[in-house]
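Secondary and tertiary structure notes
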Amino acid sequence: MAKRLQGKVVIITGAARGIGRGIALKFAGEGAKVGIFDLNEIDCLAVVNEIVMNGGESIALGGDVTKQQDVEDAVASLALRFGAVNVAVNNAAIMPSGKLHETPPDDFEACIAVNLRGAYLVNCAVLPGMISARSGCILHMSSITGILGLPGLAVYSATKGALISLTRAMSTDYAPFGIRVNAIAPGTIDSPMLHSFIEMQTDRENIRRQFDQMHPIGRVGTIAEVANVAAFLASDEASFVTGSVYEVDGGLSSKGEQPQN
Ligand SMILES: NC(=O)c1ccc[n+]([C@@H]2O[C@H](COP(=O)([O-])OP(=O)(O)OC[C@H]3O[C@@H](n4cnc5c(N)ncnc54)[C@H](O)[C@@H]3O)[C@@H](O)[C@H]2O)c1
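This text gives an overview of the structure that appears in the document. What you see is a predicted model; the values in this text were computed from it and never measured.

Turning our eyes to something else, we now look at the sheet that holds strand S3 (residues 57-62). In space, the seven strands of this open sheet follow the order S3-S2-S1-S4-S5-S6-S7, with parallel pairing throughout. Only two strands of the sheet have a single neighbouring strand rather than two, namely S3 and strand S7 (245-248). Along the sheet, successive strands turn relative to each other by an average axial angle of 15°, direction set aside. Taken together, the three bridges between strand S1 (residues 9-13) and strand S4 (residues 87-90) define a ladder with parallel strand orientation. Residue pairing across strands places Ile 12 opposite Val 89, the latter belonging to S4. Each of strand S5 (136-141), strand S6 (179-186) and S7 is contacted by helix H5 (residues 154-174), which is oriented at about 165° to S5, the strand it contacts most. The strands touched by helix H8 (residues 223-234) are S4, S5, S6 and S7; relative to S6, the strand with the most contacts, the crossing angle is about 165°.

Written out as structure tokens, the structure is:
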């Protein structure tokens, strides 16, 4: 049976660890040729090795998504190695915490630069090729914080909401060119980002329990559960899906307030 992403050339940002790494492994297993783009070049190589050891095809693309030259070089290297890029997964992000007035200007600028400018630069680098090919797929890794007002994550949430608006706007602009643009909005996912957040808290067990209980399914999600949705959206099975936001959140965004006794 043909694999779902057979032969597709994919760039994934922030793919050296966590959800991006999970998407890279899943896509490679589905037959994609995967460019692993991340600041952390050593971990990029580790992911590439893992893919190649499992019979897949991949290259490491060390770089910073906020730097136009890095992004353009990465897309050019990927195209030189495997051919024109068919799919871009904008996954790299940073998450400064705090209420808005507690967020220093440097953290604000850095969060916008990685989470939003990074997606802008990657999209600008891949779109001309996709427009010529009259086909392509762009995924934005948003978050449930882009939909719900969760406390203490103002600037991060603003970037994740912006990615949802960008998804919708781009889907109408690029549908005539056969390019689909979708977003994924995960709830809390069992990932290094979650582990480091919990590590900074004093009452770690209790915080972890609260994360689990917050989701109607009764637990946080797994990286594989996000990667499965990404693989569907990147595949031709999703050929009529564009401008959509897939909430991978165990029902969190559908939950109303519980009535008080
Ligand atoms: N973990 C969660 O619970 C959760 C929930 C909702 C949404 N998300 C989103 O999923 C995505 C991945 O999250 P994660 O938990 O795997 O995060 P993570 O922190 O584990 O991984 C992020 C990766 O991005 C890379 N990165 C950061 N800045 C970069 C830059 N300037 N250039 C290139 N690479 C850069 C990091 O090196 C890292 O490898 C993010 O967009 C995040 O907002 C995560």
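Alright, that's what it looks like, and here's the rest.
Let us look at the packing of helix H4 (residues 105-133) against H5. Running from N to C, H4 and H5 cross one another at 15°; their axes reach a closest spacing of 9 Å. Classified by the interaxial angle, the pair formed by H4 and H5 is roughly parallel. In terms of crossing hand, the pair formed by H4 and H5 is right-handed. Along the contact surface, H4 presents Phe 108, Cys 111, Ile 112, Asn 115, Leu 116, Ala 119, Asn 123, Leu 127 and Ile 131, while H5 presents Val 155, Tyr 156, Thr 159, Lys 160, Ala 162, Leu 163, Leu 166, Met 170 and Tyr 174.

Further remarks concern unusual backbone geometry. Look at Arg 134: it is not a glycine, yet its phi comes out positive at around 55°. Structurally, Arg 134 can be placed in the loop between H4 and S5.

A few words now on the side chain of Asp 212. Here Asp 212 shows up in helix H7 (residues 204-214). Taking relative accessible area as the criterion, Asp 212 reaches 17% and is therefore assigned buried. When sequence neighbours within four positions are dropped, the list of residues in contact with Asp 212 reads Gly 218, Arg 219 and Val 220.

What follows covers the site of the ligand. Inspection of the region around the ligand gives 25 residues, with Arg 17, Asp 38, Asn 91, Tyr 156 and Ser 191 positioned closest. The separation between an oxygen atom of the ligand and a polar main-chain atom of Ile 189 is 2.8 Å. A distance of 2.7 Å separates a nitrogen atom of the ligand from a polar side-chain atom of Ser 191. Look at the ligand: alone it shows 830 Å² of surface, and the protein chains cover 92% of it. Spatially, the ligand is embedded in the largest pocket. Elements with a contribution of two residues or more to the shell around the ligand: helix H1 (18-29), H5 and helix H6 (192-199). Split by residue class, the shell around the ligand holds 12 nonpolar, nine polar and four charged.

Attention shifts here to the packing of aromatic side chains. For the coordinates displayed, the defined rule picks out three aromatic pairs. On the numbers, 6.4 Å between centres and 45° between planes, the contact of Tyr 174 with Phe 177 is tilted.

In the structure shown here, the tally under the stated rule is 10 salt bridges. A salt bridge links Arg 4 to Glu 237; the nearest nitrogen and oxygen atoms lie 3.1 Å apart. You can see Arg 4 sitting in the segment before S1 and its partner Glu 237 sitting in the loop between H8 and S7, a full 233 residues away along the chain. Judged by relative accessible area, Arg 4 falls into the partly exposed class, the value being 26%.

On to the nonpolar core. Proteins that are soluble and globular tend to have nonpolar side chains buried together. Ile 12, Ile 23, Phe 27, Val 34, Ile 36, Val 89 and Ile 184 are the most contacted members of the largest nonpolar core, which has 35 residues in total. Discounting chain neighbours no more than four positions away, the residues touching Ile 23 are Ile 12, Val 89, Met 141, Ala 227 and Ala 230. Residues Val 71, Val 75, Val 114 and Ile 138 belong to the second largest nonpolar core, which totals 25 residues.

What follows is about the side chain of Asn 90. Inspection of the secondary structure puts Asn 90 in strand S4. The class for Asn 90 is buried, based on a relative accessible area of 6%. Within the structure, Asn 90 has its side chain in polar contact with the side chain of Asn 123 (distance 2.9 Å). In contact with Asn 90, other than residues within four places in its own chain, are Thr 13, Gly 118, Ala 119, Val 122, Asn 123, Ile 138, Leu 139, His 140 and Met 141.

Conventions used here
- The residue count restarts for each chain, going from 1 along the sequence in the order it is written.
- Since the coordinates come from a predicted model, pLDDT governs what is reported: local features require at least 70, and pairs of side-chain atoms require 80 or more to be given and counted, while whole-chain, interface and lining totals use all residues.
- Heavy atoms from the whole structure form the basis of all side-chain values; hydrogens and water molecules are not counted.
- By the convention used here, strands pair only if DSSP detects at least 2 bridges between them.
- Secondary structure follows DSSP: runs of H or I at least 4 residues long count as helices, runs of E at least 2 residues long count as strands, and numbering of each begins at the N terminus.
- Axes here mean lines fitted to C-alpha atoms, for a helix over just the part in contact, with angles spanning 0 to 180 degrees between N-to-C directions.
- Any two residues whose heavy atoms approach within 4.5 Å are treated as being in contact.
- Oblique is the label for every angle not falling under 35 degrees (roughly parallel), over 145 degrees (roughly antiparallel), or within 65 to 115 degrees (roughly perpendicular).
- Crossing chirality is assigned from the near helix's rotation relative to the far helix, an anticlockwise turn below a right angle marking it left-handed and a clockwise turn marking it right-handed.
- Using a 1.4 Å probe on the protein chains alone, a residue whose accessible area is under 20% of its type maximum counts as buried, one over 50% counts as exposed, and one in between counts as partly exposed.
- The cutoff for a nearby residue is simple: one of its non-hydrogen atoms must lie within 4 Å of the molecule or strand.
- Under this definition, polar contacts are N or O atom pairs within 3.5 Å; protein pairs additionally need one hydrogen-donor-capable and one acceptor-capable atom, and for neighbouring residues in sequence, both atoms have to be side-chain atoms.
- Per-residue accessibility takes into account occlusion by the displayed protein chains alone, with areas from the Shrake-Rupley method and a 1.4 Å probe.
- Residues are called lining when one of their atoms sits within 4 Å of a cavity or pocket point, these points coming from a 1 Å grid over the protein atoms alone, where a cavity is a set in which a 1.4 Å probe fits but cannot get out and a pocket is an open set with protein on both sides within 12 Å along at least five of seven lines.
- Molecules are considered to sit inside a cavity or pocket once more than half of their atoms lie within 2 Å of its grid points.
- Three classes are used: nonpolar for Ala, Val, Leu, Ile, Met, Phe, Trp, Tyr, Cys and Pro, charged for Asp, Glu, Lys and Arg, and polar for all others, with Gly counted as polar.
- Pairing of aromatic side chains requires ring centres within 6.5 Å, counting the rings of Phe and Tyr and the six-membered ring of Trp. Pairs whose planes differ by under 30 degrees are stacked, by over 60 edge-to-face, and all others tilted.
- The term salt bridge refers to a side-chain nitrogen of Lys or Arg lying within 4 Å of a carboxyl oxygen of Asp or Glu.
- To form a nonpolar core, buried Ala, Val, Leu, Ile, Met, Phe, Trp, Tyr and Cys residues must be joined to one another through side-chain atoms within 4.5 Å.

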